[in-house]
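Chain by chain, the residues run as shown.
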Amino acid sequence: MNLTRIDLSDNLIHFVRSLDKSTSDYNLSEMHPKEYEMNGDIVEQDSLSPFFILRRIIRNCQIISTWSYRKGQRTIYGEYPAVCFTEMPISEFVKTSIDRQAKGQKISNYGLIFNKEELFKNGARPVIYGTSVTAAAEDKGNSKVLSPPIFDKKELYRYVAFKLDRLPYPIDWTHEREWRWPNYNYQYHPIDSVLWSDEECSDELKELYRLREQERIDFHGLNIDQHSLTNIGIILKTKEQARLVIRDILWLVDSKRIKKNTFGYVLFFNKLEQNIDKLSDPAYLENEIVQGLINLDRFFEVDKVLKEEISGKIQQVCEKYKNCDAFEARHQGWLSGPSFPCLNNNQDEVARILVELNIVRITKLGRYLIDLPVLNPSSCMENNEKFVREIINPELEKILGISLTYYSIGDLMAMYKKRNVEIDDVPYYTEPNDDEWNFSNRNEDY
């Protein structure tokens, strides 16, 4: 592609916007979670900020496909929901988002930047604005179609109404320069009936409900970790947002859910806005991308001497307390379960050494727990927690030079399901770590 053309781009942008859970458009789709429970999302109001949605996409490695409801009507035709992108260059996205926000239109300054060729290989296509043959929109079951049927059903998702001669308001969405990825794997299930119906639901439907609220349903969207997508760019606003996003990306890599090259760089919208006159210069934009590169390699290049030193000292601690059973006698409680020392972050040098030493277990929300053979000597969870807080953490903090928290897991869920305790069970108690949670409605995230 000729990059001297400022109106052309090798990228596609998926921009996110704030959502209101109370609206009918939001609730018409069973693909949107209606509740946010134990998936790391803290939702205390109906308003969901753009950064909340962006971080949720990254953490779940999924962009949810939709029918893009407007005023209760689907705007995506056919049987297959889609993920929408714009072909606008980054410079035009910045200008357009500023202009449309000023007019109160549904857009934000946050987004993900994908390589156009990669998305094309995965099925994304430009939309088709209008037709040469007169066709009318028609509701057919759960889908919206054209009559007569001009398109094959697998191409219908690409159609966008286009009527410049409609009075008094023409229909013209060509300024969006839209592409769409069709979700051909989508299946409809009445998931909300698990919550609202008095009838008994199948185990399959209950599991789908659980997945939607706590993890993800694979056939609900474009799964970043299951497609060959690389060097994805991230548009956000603040250094703190960037820190949280990089924390999440590193957690996904450590958990072996994505490769190190899945996400490539961060662009700060506020800086782009301040230099809006320079954005048409490819050299300037390329320099911003270089400055925003997410270099994960540095997190996997640890000091070998320090690694050996820490390993040796941790082994000494394990040897020192390998027969510790004093807490069983000194303190009793009614709940069973393990307790672990817990890292405050996953990015400092010591954290990276502990990961490489393979003594860290990672929860599904991104907690990094230090797992040593001397932990949990008691059948009582409160004893195990006391052992971590009063004995093991102080010893490790001296060795590592960092502060630690703790993470204790009761066995109530395990007893209910008749299985062993798992680290992703509801914790009985843990010291707070706000990095773990995705807050939906902070002022700085709009």
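Our structure's up above, just so we're on the same page.
These lines cover the structure that appears in this document, whether it is placed above or below.

## Digging into the overall build of the chain
Helices and strands together make up the secondary structure of the chain, namely 14 helices and 22 strands. With 446 residues in all, the chain has 50% of them scored as buried. In the chain, the share of contacts with a sequence separation of at least 24, taken over all contacts with a separation of at least 6, comes to 74%. In the form shown here, the chain has an accessible surface area of approximately 22300 Å², with 49% of it arising from carbon and sulfur atoms. Measuring between centres, the 58 positive side-chain charges of the chain sit 3 Å from its 70 negative side-chain charges.

## Points about helix H12 (residues 349-356)
Residues Val350, Ala351, Arg352, Ile353 and Leu354 constitute the buried set of H12. Lining the buried residues of H12 we find helix H7 (239-254), helix H10 (304-320), strand E17 (339-343), strand E18 (360-362), strand E19 (368-370) and helix H13 (381-400). Positive phi appears at Asn358, one or two residues downstream of H12, with a value of about 65°.

## Considering unusual backbone geometry
In this chain, Ser147 is followed by Pro148 through a cis amide linkage whose omega measures 5°. Of the consecutive residues Leu167 and Pro168, the connecting peptide bond is found in the cis state with omega at 0°. Mapped onto the secondary structure, Pro168 falls in the loop between strand E12 (159-160) and strand E13 (178-182). A positive phi angle, close to 50°, is found at Ser68, a residue other than glycine. One can find Ser68 in the loop between strand E5 (62-64) and strand E6 (82-86). Overall, the relative accessible area of 22% leaves Ser68 in the partly exposed class. Located in the positive-phi region is Asn376, a residue other than glycine, with phi close to 55°. Looking at Asn376, the relative accessible area reads 23%, which means it is partly exposed.

## Details of the packing of H10 against H12
The N-to-C vectors of H10 and H12 enclose an angle of 70°; their axes lie 10 Å apart at closest approach. Overall, the two elements H10 and H12 adopt an arrangement that is roughly perpendicular. For the crossing formed where H10 meets H12, the hand is right-handed. Contacts between H10 and H12 involve Leu306, Lys307, Ile310 and Ile314 on the former and, on the latter, Glu349, Ile353, Leu354 and Glu356. The residue makeup of the contact of H10 with H12, split by class, is 5 nonpolar, no polar and 3 charged.

## Quick notes on empty space enclosed by the protein
Any empty space left between the atoms is revealed when a probe the size of a water molecule rolls over them. As enumerated under the stated definition, the model contains 1 cavity of 30 Å³ or more in all. Empty space within the largest cavity amounts to approximately 60 Å³. In terms of lining residues, the largest cavity is bounded by Arg247, Leu343, Asn344, Asn345, Asn346, Gly366, Arg367, Tyr368, Asn433 and Asp435. Grouping the amino acids of the lining of the largest cavity by side-chain chemistry returns 2 nonpolar, 5 polar and 3 charged.

## Some details on H7
In this model H7 runs 22 Å from its N-terminal to its C-terminal C-alpha over 16 residues, within 8% of the 22 Å that 1.5 Å per residue would give. Along H7, 13 of the 16 residues are buried, which leaves the element largely enclosed by surrounding structure. Following H7 by one or two positions, Lys256 has its phi on the positive side, about 65°.

About the thresholds
- Residues numbered from 1 in each chain as written.
- Predicted model: local features only at pLDDT ≥ 70, side-chain atom pairs only at ≥ 80, totals over all residues.
- Heavy atoms only, no water.
- Helix = DSSP H or I, 4+ residues; strand = E, 2+ residues; numbered from the N terminus.
- Buried < 20%, exposed > 50% of the residue type's maximum accessible area, 1.4 Å probe, protein only.
- Contact = heavy atoms within 4.5 Å.
- Areas by Shrake-Rupley, 256 points an atom, 1.4 Å probe, with all protein chains shown as cover.
- Lys, Arg positive; Asp, Glu negative; His and termini not counted.
- Charge placed at Lys NZ, Arg CZ, Asp CG, Glu CD.
- Axes fitted to C-alpha atoms, helices over the stretch in contact; angles between N-to-C directions.
- Parallel < 35°, antiparallel > 145°, perpendicular 65-115°, else oblique.
- Left-handed = near helix turned anticlockwise from the far one by under 90°.
- Nonpolar A, V, L, I, M, F, W, Y, C, P; charged D, E, K, R; others polar.
- 1 Å grid on protein atoms, 1.4 Å probe; cavity = no way out; pocket = protein on both sides within 12 Å on 5 of 7 lines; lining within 4 Å.
- Points joined across faces, edges and corners; volume = space filled by probe spheres on them.
- Expected span 1.5 Å × (residues − 1).

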